[in-house]
2 protein chains.
Amino acid sequence: MDPKQVSQVEEVPPTHPRYWSLVTRQKLVDALREGIVVPHGLISHGRGEAFDYLLGERSHDFAVEAERAAVAAMMVARKPIISVNGNYAALAADEIVQLSEVLGVPIEVNLFHRTEERIKRIEDFLKAHGAKLVYGVDCQKTRLPNLQSPRGVVCVNGIYSADFVLVAIEDGDRTEALRRLNKVVVAIDLNPFSRTAQAASITVVDEAIRATRNMIRLAEELKGRPKDDLRLILASYRNSEILSRAFKALLERLSIAASKGVVLDLGFPDEISL
Amino acid sequence: MDPKQVSQVEEVPPTHPRYWSLVTRQKLVDALREGIVVPHGLISHGRGEAFDYLLGERSHDFAVEAERAAVAAMMVARKPIISVNGNYAALAADEIVQLSEVLGVPIEVNLFHRTEERIKRIEDFLKAHGAKLVYGVDCQKTRLPNLQSPRGVVCVNGIYSADFVLVAIEDGDRTEALRRLNKVVVAIDLNPFSRTAQAASITVVDEAIRATRNMIRLAEELKGRPKDDLRLILASYRNSEILSRAFKALLERLSIAASKGVVLDLGFPDEISL
């Protein structure tokens, strides 16, 4: 399809009741055109949207608690890394770069649907947003022993040797593989049922942009604290409890809806007249 | 991006735990490449997928009840029509054609991201799947008075003059506009919170392929019944109750999950060791 034509037809009128949600989607659609995101990435985004809908599109307390533990773990880790895929870059490039800068944690571009061309494109995209520490096309590569190639390709000095990996909107199979290699994995994922959410050491059930912004704020807050304080945060953290609270939040919203059925009063009658 | 290259990188290994779900997605991705589906359609599909996950990927009793009422309404209506967009065509072309045939109800290709080129493509796609009664590029056109063009463009002898419209995976704003024109609107939508689900006369909270298959079966069952029987089905139907039961089903699944937190036992410890 001709990209120009697509961009023409996809103009959404500002009178649309969900205008802003549709405009956010446009970010991903634009990234598809630029080769940053693959078509499957759009489906993942939609899946996340559904859960954010259920959560009321805000960062809950269980998310902030996980974000705090994630930052503490990143600061305690010997060799932390932020793994970035197409969706995460497209949505939150500025925030990723800022988080990387605040804590001096490098970024690795790592893709499920890997091509060196797309790695390069995302690397350039992040660098254009100010990223300095990026493992991309030029790193020394190896393979994770427990993932079929090319999905298991990683940088030797990046994910391969890291003891901590932050992933966002990631595939569950890969999250599990990282975990089986005894790495601490923080996953940003709006779906607490997903394999990623279930497999992670710390699950941030929050939207990627909001989550990363919260983590930047928390990094600034926790910076300079003694390591023992940070270890205390980790010692008292239980991911199963966080997941449980995430499910409960979804539950509460649904309880209200279940008692009413109609949650948007549009003024239509319940009867069918034909 | 070169389509050949994309199709190469998107091969999913059969060892992946969610192989079949990923293969179904591929249908939509292929349709994107053929110009049947727009990028935004993939996001919508993802949103639906998430709700189907929560529903356990099966047709619940509240869905079948709505499907039965939908078929009854279609049989009682003076001038019913099946509105088909890119996603619905890509997922369920065979089923749409069969439903259209069984009840003699025509199809109109109607798009949110409308171009005459894409209308033609979907029209041809449906005809290749055996559709005979299709309003597409060649119909006499007019506009719905309450929708900004080109989103309001419809066929005079199709949606414009219909008293019943079946839509699937539709935009909420458009569903609402059809409803305000006093049409009976049946919406197939997996998200009971959506404006479409909330605005419809009959909301089928079910996956589009399953829903259409159920409706074909119900049409064969109800065919030949006196109109008074069909009107009785409609008289006892209450959409707010159906929506309420849909929310309750989501609630039940989540209640079990909320009590446990970890719902997939992958054998990882709850403690974080760094």
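Relevant structure appears above.
Below is a short write-up of the structure. Keep in mind that this is a model prediction, so the values were computed, not measured. (Residues numbered from 1 in each chain as written. Chains lettered and ligands numbered in written order. Predicted model: local features only at pLDDT ≥ 70, side-chain atom pairs only at ≥ 80, totals over all residues. Heavy atoms only, no water.)

On to the nonpolar core, then. Counting 165 residues, the largest nonpolar core has Tyr-88, Leu-166 and Ile-202 of chain A together with Tyr-88, Leu-166 and Ile-202 of chain B as the members making the most contacts within it. Ignoring sequence-local partners within four residues, the contact set of Ile-202 of chain B consists of Ile-272 of chain A together with Ala-66, Ala-69, Ala-70, Ala-73, Val-185, Val-186, Ala-187, Leu-234, Tyr-237 and Asn-239 of chain B. (Core = buried A, V, L, I, M, F, W, Y, C linked by side-chain atoms within 4.5 Å. Buried < 20%, exposed > 50% of the residue type's maximum accessible area, 1.4 Å probe, protein only. Contact = heavy atoms within 4.5 Å.)

Glancing now at the interface of chain B and chain A. Interface size is commonly expressed as the accessible area that is lost once the parts come together. Counting residues at the interface gives 83 residues for chain B and 85 residues for chain A. Summed over both partners, the interface of chain B with chain A comes to about 7,900 Å²; 68% of that surface belongs to carbon and sulfur atoms. At the junction of chain B with chain A, the criterion picks out three salt bridges. Only helix 1 (3-9), helix 2 (19-33), helix 3 (39-55), helix 4 (61-76), helix 7 (172-180), helix 8 (195-199), helix 10 (227-235) and helix 11 (239-260) of chain B provide two or more residues apiece to the side of chain B that touches chain A. (Buried area = accessible area lost by both parts, 1.4 Å probe. Salt bridge = Lys/Arg side-chain N within 4 Å of Asp/Glu carboxyl O. Helix = DSSP H or I, 4+ residues; strand = E, 2+ residues; numbered from the N terminus.)

Residue and element names in this part refer to chain B. Where burial is concerned, most of strand 7 (residues 184-188) is hidden: five out of the five residues are buried. Here strand 7 shows no split at all, with Val-184, Val-186 and Ile-188 on one side and Val-185 and Ala-187 on the other all buried. Inspection of the sheet shows strand 6 (residues 164-168) paired to strand 7 by five bridges, in the parallel sense. In the sheet register, Val-165 faces strand 7, and the bridge partner there is Val-185. Considered for its hand, the β-α-β crossover made up of strand 6, helix 7 and strand 7 is right-handed. (Pairing = 2+ DSSP bridges. Right-handed = clockwise from strand over helix to strand, strands pointing away.)

What follows covers the sheet that holds strand 3 (residues 134-135) of chain B. Residue and element names in this part refer to chain B. Taken together, the six strands give an open sheet; going across it, the order is 3-2-1-6-7-8, and neighbouring strands pair in parallel fashion. With one partner strand each, in any of the chains shown, strand 3 and strand 8 (202-204) form the two edges of the open sheet. Where strand 2 (residues 107-109) meets strand 3, two bridges bridge the pair, whose relative direction is parallel. Bridged to Glu-108 within strand 3 is Tyr-135. Helix-sheet contacts for helix 4 involve strand 1 (80-84), strand 6, strand 7 and strand 8, and the interaxial angle to strand 8 is about 130 degrees. The strands touched by helix 9 (residues 208-222) are strand 6, strand 7 and strand 8; relative to strand 7, the strand with the most contacts, the crossing angle is about 125 degrees. (Axes fitted to C-alpha atoms, helices over the stretch in contact; angles between N-to-C directions.)

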